[in-house]
Amino acid sequence: MPHWFIAASAPLSLLTALPIAAGQNAATEASAVDVIKTDRDGHGRMTVPVRIGRHGPYDFLIDTGAERTVLARGLAERLGLVPNGRATLMGVAGSLPVDLVDVEEVKLGSRSFYDLSAPLLEGSNIGADGIIGLDGLQNQRVLIDFKRNLIAVDDARALGGNRGYEIIVRARRRGDQLIMTNAVVDGVKTDVIIDTGAQNSIGNRALQRALSRRRESGQTQLTSVTGQRIMAEIVFTRRIRIGDLDLTQMPVAFADAPPFKKLGLHEKPALLLGMGQLRAFQRVAIDFETRKIFFDLPPRDRIAINGNRW
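Residues numbered from 1 in each chain as written. Predicted model: local features only at pLDDT ≥ 70, side-chain atom pairs only at ≥ 80, totals over all residues. Heavy atoms only, no water.

### Some points on the overall build of the protein
In step 1: On a plain count of helices and strands, the protein comes out with 5 helices and 23 strands.
In step 2: Residues counted as buried form 58% of the 310 residues belonging to the protein.
In step 3: The contacts of the protein with a sequence gap of at least 6 include a subset with a gap of at least 24, amounting to 69%.
In step 4: Accessible surface computed for the protein: about 12,700 Å², of which carbon and sulfur atoms make up 46%. (Helix = DSSP H or I, 4+ residues; strand = E, 2+ residues; numbered from the N terminus. Buried < 20%, exposed > 50% of the residue type's maximum accessible area, 1.4 Å probe, protein only. Contact = heavy atoms within 4.5 Å. Areas by Shrake-Rupley, 256 points an atom, 1.4 Å probe, with all protein chains shown as cover.)

What follows is the structure, encoded as structure tokens:
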């Protein structure tokens, strides 16, 4: 048995705002490579310094699983941003009515995103001042360098192209999400989404049913950034294969997470791959423009993720 610590998880995101607010063009400026030194929160997720207009910097999670950029309510109040709309925000543990505020500019390094309608959540549930979601990441490559503890956002060429990546996995687009469709979990074909805002990996019930012969290793409580909670069963998978990539002895939490249905992934096996497992690599690059995921392996022949923290 690998040395995993099973406990209550970090807050999980995969946020969807319904309806999508108008005016979310997230236009960008500047072409210089946007390299941001990151910090880890208490759960091992990455936060980056972000400015709201001329104010800041503030600590934001960068989250490839969240559809929209989110602000902590306390930060919005300090900035004098007054709610001017409502939406329903869907997280991994359910849906929640939330206030919306207009944000003229969000600055991440040298890159700015404009005219966002941002949902508000409690900062204590987010664990940060906000979340940079997919509305600020489209048509870009997000490079996560675990060895150097930094994130870079720019086009692929500015980030060094595809040099140094041993494994390249093609993905298909569903909305703003990139879904890897050639994954196999213990012999079961599975759709996979990389969710950098989550510490844990979460499987849907269809995948759990397909793996029904696997024994559960206990239960855990997952907490969404909305503050809602959901129970999940833990199962250790023997082998997850994504293209030419192998992950061995990986724990997966199985739960009735609503975003699977929102993405049309509730009737067939699907998995959200969290940061706890991505840290097995030296680098991961998510290229939204070409719909490819790039993995830089550590100096060993086979990826075994024993010893990471659940």
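So, next bit.
### Considerations on the environment of R229
In step 1: Note on placement: R229 falls in strand β19 (residues 229-242).
In step 2: The exposure class of R229 is exposed, given its relative accessible area of 57%.
In step 3: C-alpha of R229 to C-alpha of G94: the two residues are 135 residues apart in sequence and 8.2 Å apart in space.

### Describing the pattern of salt bridges
In step 1: Considering all chains together, one arrives at 14 salt bridges under this definition.
In step 2: Overlapping salt bridges, with partners in common, bring together R73, R86, D99 and E122 in one network. (Salt bridge = Lys/Arg side-chain N within 4 Å of Asp/Glu carboxyl O.)

### Regarding the nonpolar core
In step 1: Core analysis: the largest hydrophobic core is formed by 68 residues, its most contacted members being F60, M180, I194, I242, V284 and F295.
In step 2: Ignoring anything within four residues of it in the chain, the contact list for F295 reads Y165, E166, I167, V169, M180, I194, L245, L278, F281, R283 and V284.
In step 3: Listed in part, the 18 residues of the second largest apolar core include L222, A232, F236 and F260. (Core = buried A, V, L, I, M, F, W, Y, C linked by side-chain atoms within 4.5 Å.)

### What about the confidence of the model for the protein?
In step 1: On average, residues of the protein carry a pLDDT of 80, and 80% of them reach 70 or more.
In step 2: Considering each helix and strand of the protein separately, the mean pLDDT is smallest for strand β2 (residues 34-37), with a value of 43, and largest for helix α1 (residues 73-78), with 97.
In step 3: Of the regions scoring below 50 in pLDDT, residues 16-38 engages in 80 contacts with residues more than four places distant in sequence or in other chains.
In step 4: Throughout residues 301-310 the model reports pLDDT below 50, and contacts reaching past four residues in sequence, or to other chains, amount to 42 contacts. (pLDDT = per-residue confidence, 0-100.)

### Describing the pairing of strand β9 (residues 111-121)
In step 1: Burial of β9 is extensive: 9 of the 11 residues sit out of reach of the surface.
In step 2: As paired elements, strand β6 (residues 70-72) and β9 share 2 bridges and run parallel to each other. Of the residues in β9, the one forming a bridge with L71 is L120.
In step 3: As defined by bridge partners, strand β8 (residues 94-108) adjoins β9 across 8 bridges and the pair is classed as antiparallel. Across the sheet, residue L108 finds its bridge partner in β9, namely R111. (Pairing = 2+ DSSP bridges.)

### Let's talk about the side chain of D296
In step 1: For D296, the position within the fold is in strand β23 (residues 292-296).
In step 2: With relative accessibility at 9%, the residue D296 sits in the buried group.
In step 3: Polar side-chain contacts of D296 include one of 2.9 Å to the side chain of R283.
In step 4: The residues contacting D296, other than those within four sequence positions of it, are G164, Y165, E166, F281, Q282 and R283. (Polar contact = N/O pair within 3.5 Å; in protein donor to acceptor, adjacent residues only side chain to side chain.)

### Some words on the environment of V185
In step 1: Within the element layout of this structure, V185 appears in strand β15 (residues 177-185).
In step 2: V185 gets classed as buried once you look at its relative accessible area, which sits at 1%.

### Here's the deal with the packing of aromatic side chains
In step 1: On inspection of all chains with the given rule, the structure shows 2 aromatic pairs.
In step 2: The interplanar angle of 55° and the centroid separation of 5.4 Å between the aromatic rings of Y165 and F294 together place this pair among those described as tilted. Highlighted residues: Y165 in the loop between β12 (150-154) and β13 (167-170) and F294 in strand β23, separated in sequence by 129 residues. Like Y165, the residue F294 is buried in the burial classification.
In step 3: Centroid distance F281 to F295: 4.9 Å. Interplanar angle 50°. Geometry classified as tilted. Here the residue F281 occupies a position in the loop between α5 (275-278) and β22 (283-287), and F295 occupies one in strand β23, the gap between them amounting to 14 residues. (Phe/Tyr/Trp six-rings, centres within 6.5 Å; stacked < 30°, edge-to-face > 60°.)

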